[in-house]
Amino acid sequence: QVQLVESGGGLVQAGGSLRLSCTAAGRTFSSYAMGWFRQAPAKEREFITAISRSGGITVYADSVKGRFTISRDNAKNTVYLQMNSLKPEDTAIYYCAAGATTGSIRTLSIDSWGQGTQVTVSS
């Protein structure tokens, strides 16, 4: 449905920070809840966080709560993932996703996926 493109991935040392961006094409960005997932090699895709259409509701997986922050700027058609205190276990391909609600995203009822951006955390 809506086209999503991630950026901002890269190589960072443990304890460092990165900010990922996901920009949507089209005119209906504010109609979607947005979220982030990640997938490490040989692992299942894992829910990380989601944010409601207005930004008023956010949900986080326990593994990232307190370290990662999701936000959105509907005027820029962009959702962000600020990642702090990064650990080697955070190494994965990170995907943004669009869905009807945060609950839909959490349960993998996804309308659109981005192509992914690689995050590598070295020890």
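Before going into details, it helps to say that this report is about the structure given with it. Because the structure is a prediction, the values reported are computed rather than measured.

The number of helices and strands found in the protein is one helix and eleven strands. From first element to last, N terminus to C terminus, the protein shows the α and β order β-β-β-β-β-β-β-β-β-α-β-β. Seen through its principal axes, the protein has C-alpha atoms that stretch 40 × 25 × 25 Å. Residue burial in the protein is summarised as follows: out of 123 residues, 46% are buried. Within the protein, counting contacts between residues at least 6 apart in sequence, those at least 24 apart form 58% of the total. Approximately 6,200 Å² of the protein is accessible, and the part contributed by carbon and sulfur atoms is 47%. Each charge class in the protein was averaged separately, 12 positive and 8 negative side chains, and the resulting centres sit 5 Å apart.

Taken in spatial order, the four strands of this open sheet run β1-β3-β8-β7, and their pairing is antiparallel. Of all the strands in the sheet, the pair left with one neighbour each is β1 (4-7) and β7 (68-73). With direction set aside, neighbouring strand axes in the sheet form an average angle of 15°. Bridge analysis of β1 against strand β3 (residues 18-24) gives four bridges, and the strand direction is antiparallel. Counterpart to Val5 in the pairing with β3 is Thr23.

Let us now look at the nonpolar core. Within the largest apolar cluster, 27 residues are counted, with the highest numbers of intra-cluster contacts made by Leu4, Met34, Trp36, Phe68, Val79, Met83 and Tyr94. Of all the elements in the fold, those that place two or more residues in this core are β3, β4 (33-39), β5 (46-51), β7, β8 (78-83), β9 (92-99) and β11 (117-122). Apart from residues no more than four positions distant in its own chain, Met34 is found in contact with Leu4, Cys22, Phe29, Thr49, Ala50, Ile51, Ile70, Arg72, Val79, Ala97, Ala98 and Ile105. Ala33, Phe37, Ala50 and Ile110 belong to the second-largest nonpolar core, a separate cluster that totals eight residues.

Bringing the state of the cysteines into the picture now. Here the structure, examined in full by the defined rule, presents one disulfide. A sulfur-sulfur distance of 2.0 Å marks the disulfide that ties Cys22 to Cys96. Taking the sign of the S-S torsion, 50° for the link of Cys22 and Cys96, the bridge is right-handed. With Cys22 in strand β3 and Cys96 in strand β9, this residue pair connects regions lying 74 residues apart in the sequence. With respect to class, Cys22 is no different from Cys96; both count as buried.

Examined against the element boundaries, Thr49 turns out to sit in strand β5. Of note is the side chain of Thr49, whose polar atom sits 2.7 Å from the backbone oxygen of Val59.

This structure, assessed with the given rule, holds three salt bridges. For Arg38, the salt bridge goes to Glu46, with nearest N and O atoms at 2.9 Å. Judged by relative accessible area, which is 6%, Arg38 ranks as buried. The partly exposed category is assigned to Glu46, whose relative accessible area is 32%. Connected through salt bridges with shared partners, the residues Arg38, Glu46, Arg67 and Asp90 form a single ionic network.

Reading the values: rules and limits
- Residues numbered from 1 in each chain as written.
- Predicted model: local features only at pLDDT ≥ 70, side-chain atom pairs only at ≥ 80, totals over all residues.
- Heavy atoms only, no water.
- Helix = DSSP H or I, 4+ residues; strand = E, 2+ residues; numbered from the N terminus.
- Buried < 20%, exposed > 50% of the residue type's maximum accessible area, 1.4 Å probe, protein only.
- Contact = heavy atoms within 4.5 Å.
- Areas by Shrake-Rupley, 256 points an atom, 1.4 Å probe, with all protein chains shown as cover.
- Lys, Arg positive; Asp, Glu negative; His and termini not counted.
- Charge placed at Lys NZ, Arg CZ, Asp CG, Glu CD.
- Pairing = 2+ DSSP bridges.
- Axes fitted to C-alpha atoms, helices over the stretch in contact; angles between N-to-C directions.
- Core = buried A, V, L, I, M, F, W, Y, C linked by side-chain atoms within 4.5 Å.
- Disulfide = S-S within 2.5 Å.
- Polar contact = N/O pair within 3.5 Å; in protein donor to acceptor, adjacent residues only side chain to side chain.
- Salt bridge = Lys/Arg side-chain N within 4 Å of Asp/Glu carboxyl O.

Remember that the coordinates give geometry; whether it matters functionally is a separate question.
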